[in-house]
Amino acid sequence: MKNYLTTVLCTIVMVLGSAIVAEESVTVVSFGGSYAKACVEGYHKAFEAETGIKVNLEDYNGELSQLRAQVEAGSVTWDVIDAEGPQVAIACDEGLIETIDALNLPPSPDGVPAEEDFAPGTLTECGVGKVYYATMVAYHPDAFPDNEPTKVEDFFDLENFPGRRGVHRSPQAVLEISLMASGVAPEDVYDTLETEEGIERAFGMLDSIKDDIVWWEAGAQPPQMLADREVSMTIAWNGRIFNAQMLENQPFKILWDGRTIDSGGMVIAADAPNLENARKFVEFSARAESEAGVASYIAYSPVRKSGYDLVGNHAITGKPMKPHLPTNPEHGGRQLTLSTDFWIDRRDELVERFAAWLNR
């Protein structure tokens, strides 16, 4: 009998212990790779140390299908999701994520309210912005020993800048870059894309290099293609190129002209199993110090003004980070902020159009 009672008590303790562990954790889903590592080092570890809540990090591809399936099945396992602007808006409209009205977002270090410190458009009904990143052109200087590219038009100039081109197999940002290279001013890009002539103009630019395009789908591919000399120039995400430059001593250069800027942020899954911990995590990630912490490991700009001011040196190499941030005004050249509204309205149509063009 004594052994039986001991066994029962041990079982109860184990069950209760498991419940406590489950309550003191939060599952965070992000894009993996160097960005996820930057988040872990930049603020995940600090969050765990301050709160005692364990962060369970999972990877996903940025699409909403998995979250949608969890919510529809009534079996949500994710708590917090890293998401891009258009995905945040779509998920919010579909009721896949919580609103942020229950969050207590921290002020800046000098007391400026969060609503005034976040850049316009980065706090939405359901999302809390965290970083800015750029889609832009990068190149290998060894491919152009006599005449390096200086403007986005050069990406489409195979005569003066020969070599294959890396292009993301997606219309988002690619069409915008193509239009800027065709001479459309950044402020006119979306009005132009709303017309059939504008869409044809963007695809016409891609037609001019189509035979020399190497398509990529994962962010790690462009720097690898440059390193292998598979391409001489490529459209890429600036953080991936930065890591190759800083950590792998690659000689790649970024062509900041014609860049598109997009923001990423944190959302909380509807019916998140660890809702209170999720809220604490998002509030912590929204600190200016957390955003600057990410920018200490990867070249993504904080969306908080005070966060940008806190950015210093790269945590590993000790080199200044601000010259590498996509929102640094010293870059000059043409810059376009990606339109969330446009891609919500036109994404399905343009993805289908892009696929048809690829197969043509």
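Residues numbered from 1 in each chain as written. Predicted model: local features only at pLDDT ≥ 70, side-chain atom pairs only at ≥ 80, totals over all residues. Heavy atoms only, no water.

To continue, consider the overall build of the chain. Counting its secondary structure elements, the chain contains 14 helices and 10 strands. In terms of overall size, the chain behaves like a compact globule, its C-alpha atoms giving a radius of gyration of 22 Å where 360 residues would be expected to give roughly 21 Å. Structurally, the chain occupies a C-alpha span of about 90 × 45 × 45 Å along its principal axes. A burial count over the chain gives 51% of its 360 residues as buried. Residue pairs in contact within the chain that sit at least 24 positions apart in sequence constitute 74% of those at least 6 positions apart. Carbon and sulfur atoms make up 50% of the accessible area of the chain, which amounts to about 16300 Å² in all. Put simply, the chain has 28 plus and 57 minus side-chain charges, and the middle of one group is 6 Å from the middle of the other. (Helix = DSSP H or I, 4+ residues; strand = E, 2+ residues; numbered from the N terminus. Rg over C-alpha atoms; globule rule 2.2 N^0.38 Å. Buried < 20%, exposed > 50% of the residue type's maximum accessible area, 1.4 Å probe, protein only. Contact = heavy atoms within 4.5 Å. Areas by Shrake-Rupley, 256 points an atom, 1.4 Å probe, with all protein chains shown as cover. Lys, Arg positive; Asp, Glu negative; His and termini not counted. Charge placed at Lys NZ, Arg CZ, Asp CG, Glu CD.)

Counting 64 residues, the largest nonpolar core has Val26 and Phe281 as the members making the most contacts within it. Mapping this core onto the domain boundaries places at least three of its residues in each of domain 1 (23–127 + 264–324) and domain 2 (133–262 + 329–359). Ignoring any residue separated from it by four or fewer positions in sequence, one finds phenylalanine 281 in contact with Val26, Val28, Tyr43, His44, Phe47, Val55, Val80 and Met266. Counting 37 residues, the second largest nonpolar core, distinct from the first, contains Met205, Leu255, Leu338 and Phe342. (Core = buried A, V, L, I, M, F, W, Y, C linked by side-chain atoms within 4.5 Å. Domains from an automatic or database assignment.)

What follows is about the state of the cysteines. In protein structure, a disulfide is the covalent linkage between the sulfur atoms of two cysteines. Considering all chains together, one arrives at one disulfide under this definition. Sulfur-sulfur distance for the disulfide between cysteine 92 and cysteine 126 comes to 2.0 Å. Between cysteine 92 and cysteine 126, the disulfide has an S-S torsion of 50° and is therefore right-handed. Of this pair, cysteine 92 sits in helix H4 (residues 85–93) while cysteine 126 sits in the loop between helix H5 (114–117) and strand S4 (128–139); the two residues are 34 residues apart in sequence, bridging distant segments of the chain. Here cysteine 92 falls in the buried class, since its relative accessible area comes to 16%. Taking the relative accessible area as the measure of exposure, cysteine 126 reaches 3% and is therefore buried. (Disulfide = S-S within 2.5 Å.)

Now for the domain arrangement of the chain. Domain annotation of the chain identifies domain 1 (23–127 + 264–324) and domain 2 (133–262 + 329–359). For domain 1 and domain 2, the distance between their C-alpha centroids amounts to 27 Å. Tallying the contact residues gives 23 residues for domain 1 and 19 residues for domain 2. In total, domain 1 and domain 2 occlude about 1600 Å² of area from one another, counting both sides; carbon and sulfur atoms represent 59% of this. Three residues stand out in domain 1 for area buried against domain 2, namely Pro86, Tyr300 and His324, and they jointly supply 30% of the buried area on that side. (Buried area = accessible area lost by both parts, 1.4 Å probe.)

Here we come to helix H10 (residues 238–248). Across the 11 residues that make up H10, a large majority, eight, are buried. Buried within H10 we find Asn238, Gly239, Ile241, Phe242, Asn243, Ala244, Gln245 and Met246. Elements that come into contact with the buried residues of H10 comprise helix H2 (33–51), S4, helix H9 (221–227), strand S7 (233–237) and strand S8 (253–268). Immediately beyond the C-terminal end of H10, within one or two residues, lies asparagine 249, with a positive phi of roughly 55°.

One pass over the full model with this rule turns up 19 aromatic pairs. Seen in terms of ring centroids, phenylalanine 31 and tyrosine 35 are 6.2 Å apart; in terms of plane orientation they differ by 45°. Their pairing is tilted. Between phenylalanine 47 and phenylalanine 284, the aromatic rings sit 5.5 Å apart at their centres with planes inclined by 70°, giving edge-to-face as the arrangement. Of the two residues, phenylalanine 47 sits in helix H2 while phenylalanine 284 sits in helix H11 (residues 275–285), which places them 237 residues apart along the sequence. Just as phenylalanine 47 is buried, phenylalanine 284 falls in that class too. Here the aromatic cluster, defined as three or more aromatic residues joined through ring pairs, consists of Phe31, Tyr35, Tyr60, Trp78, Tyr133 and Tyr300. Geometry around tryptophan 357 places lysine 210 over its ring, the cationic atom sitting 4.2 Å from the centre. (Phe/Tyr/Trp six-rings, centres within 6.5 Å; stacked < 30°, edge-to-face > 60°. Lys NZ or Arg CZ within 6 Å of the ring centre and 35° of its normal.)

Of note, the phi angle at arginine 229 is positive, near 60°, even though the residue is not glycine. Mapped onto the elements, arginine 229 comes out in the loop between H9 and S7. For asparagine 249, which is not glycine, the phi dihedral falls at a positive 55°. A relative accessible area of 65% places asparagine 249 in the exposed class.

Packed helix pairs are specified by the crossing angle of their axes together with the interaxial distance, meaning the distance between the axes. Between helix H6 (residues 174–181) and helix H8 (residues 196–207), the shortest axis-to-axis distance is 8 Å and the interhelical angle comes to 85°. It follows from the interaxial angle that H6 and H8 lie roughly perpendicular. Residues Val174, Leu175, Ser178, Leu179 and Ala181 of H6 form the contact with H8, whose own contacting residues are Gly198, Arg201, Ala202, Phe203, Met205 and Leu206. When its residues are assigned to classes, the contact of H6 with H8 shows eight nonpolar, two polar and one charged. (Axes fitted to C-alpha atoms, helices over the stretch in contact; angles between N-to-C directions. Parallel < 35°, antiparallel > 145°, perpendicular 65-115°, else oblique. Nonpolar A, V, L, I, M, F, W, Y, C, P; charged D, E, K, R; others polar.)

Moving on, we come to the pairing of S4. With 12 of 12 residues buried, S4 lies mostly within the body of the structure. Judged from the 10 bridges that link them, S4 and S8 form a sheet pairing that is antiparallel. Bridged to tyrosine 133 within S8 is aspartate 262. Of the pairings in the sheet, the one linking S4 to strand S9 (residues 301–302) comprises two bridges and is antiparallel in character. Across the sheet, residue valine 131 finds its bridge partner in S9, namely proline 302. Of the strand pairs in this sheet, S4 and S7 are connected by five bridges, and their pairing is antiparallel. Each residue of the ladder has a partner; that of valine 137, found in S7, is isoleucine 235. (Pairing = 2+ DSSP bridges.)

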